[in-house]
Amino acid sequence: GRGGSDTSAVAVAAALGAPCDIYTDVDGVYTTDPRIQSRARRLEKVSYEEMLEMASLGAKVLQTRSVEFAGNYQVPTRVLSSLTDPLMPLEEEAQSGTLISFEEESNMEQAVISGIAFNRDEAKITVLGVPDKPGVAFHILGPIAEANIEVDMIIQNQSVDGKTDFTFTVPRGDYVRAMSVLEGQQQALGAAKVLGDAKVSKVSAVGVGMRSHVGVASQMFRTLSEEGINIQMISTSEIKISVLIDEKYMELAVRALHKAFGLEQG
């Protein structure tokens, strides 16, 4: 079955028990955004888990919702350019675009990292000098959740003299609102100060190969260090490592990591 460009196409394919093609404005999923790194490669295949991580970490190819839907129904999904001829022979189509795969192919040579994702639209907020006692995280993040603001990365520092600093990130579009919520709560929280920085970006390395390879984090941190890029926050999952950095270094970081992990063409 050949579908449209969103979740409904995947739903129809699922109902028919057929594979699904999603037509988008690019001809597949790349190792990173080709507008930032011209040597980015189109991936012939990407695992469902990797695609979900990349979509949620800022890769704009597919909505997270359509990837999740494909996953729920285990629909083999191919990402193709909307300029692709819909009457293209199936053998030729099978060589184009990117297949989102649900099979763990242990016999295949698996790249450690499949892609470098990034998100410019981040902002960081730090609440300084709050009493380090049970409930501190809830008292800070509760009002943020009530304001319907999503929180991404979180760090709580080691307590010093019974006080701690609490840092987290929010979408940049919610930054001003989040700051005003916390400034209104500053006295109730017993905080010394609320600081913010709306000029930060998140850069992530994604790859199922991380499960079986050590040293990905140290390679990532070494690469950034050699470029003189300071890491402000780190968050990890089984198949991704994300760092928060100053926005002005984002493109440099993407290019350096793309090269360091051997993702370039040729």
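So, a few notes on the structure that sits alongside this text. Quantities reported herein were computed from a predicted structural model and do not represent experimental measurements.

Section: the pattern of salt bridges
Inference 1: In this structure the tally under the stated criterion is nine salt bridges.
Inference 2: Taking the shortest distance from any N to any O, the salt bridge between Arg35 and Asp33 comes out at 3.0 Å.
Inference 3: Given the relative accessible area of 74%, Arg35 is considered exposed.
Inference 4: Linking Arg255 and Glu251 is a salt bridge whose minimum nitrogen-to-oxygen distance equals 3.7 Å. Here Glu251 and Arg255 lie together in helix α8 (residues 250-260), a separation of four residues that amounts to about one turn.
Inference 5: Given the relative accessible area of 31%, Glu251 is considered partly exposed.
Inference 6: If you follow the salt bridges from partner to partner, you end up with Glu49, Arg211 and Glu238 in one network.

Quick look at the pairing of strand β5 (residues 115-131)
Inference 1: In terms of residue burial, β5 counts as a mostly covered element, since 13 of its 17 residues are buried.
Inference 2: Strand direction decides the pairing type here: β5 and strand β8 (residues 193-206), joined by eleven bridges, are antiparallel. Across the sheet, the residue bridging to Glu122 is Val200, located in β8.
Inference 3: In terms of strand pairing, β5 meets strand β7 (residues 163-171) through eight bridges, oriented antiparallel. Looking at the pairing, Lys124 lines up with Thr169 of β7.

So, how was this worked out
Sequence order as written defines the numbering, with residues in each chain counted from 1. Residue-level local features of this predicted model are given only where pLDDT is at least 70; pairs of side-chain atoms are given and counted only at 80 or more, and the full residue set underlies all totals for whole chains, interfaces and linings. To get the side-chain values, take all heavy atoms of the structure and skip hydrogens and water. A pair is scored as a salt bridge if a Lys or Arg side-chain nitrogen falls within 4 Å of a carboxyl oxygen belonging to Asp or Glu. Note on exposure labels: buried denotes an accessible area under 20% of the residue type's maximum, exposed denotes more than 50%, and partly exposed covers the range between, all computed with a 1.4 Å probe on protein chains only. Runs of E in the DSSP output that reach at least two residues are strands. Runs of H or I that reach at least four are helices, and both are numbered from the N terminus. Paired strands, as defined in this entry, are two strands with at least two bridges between them according to DSSP.

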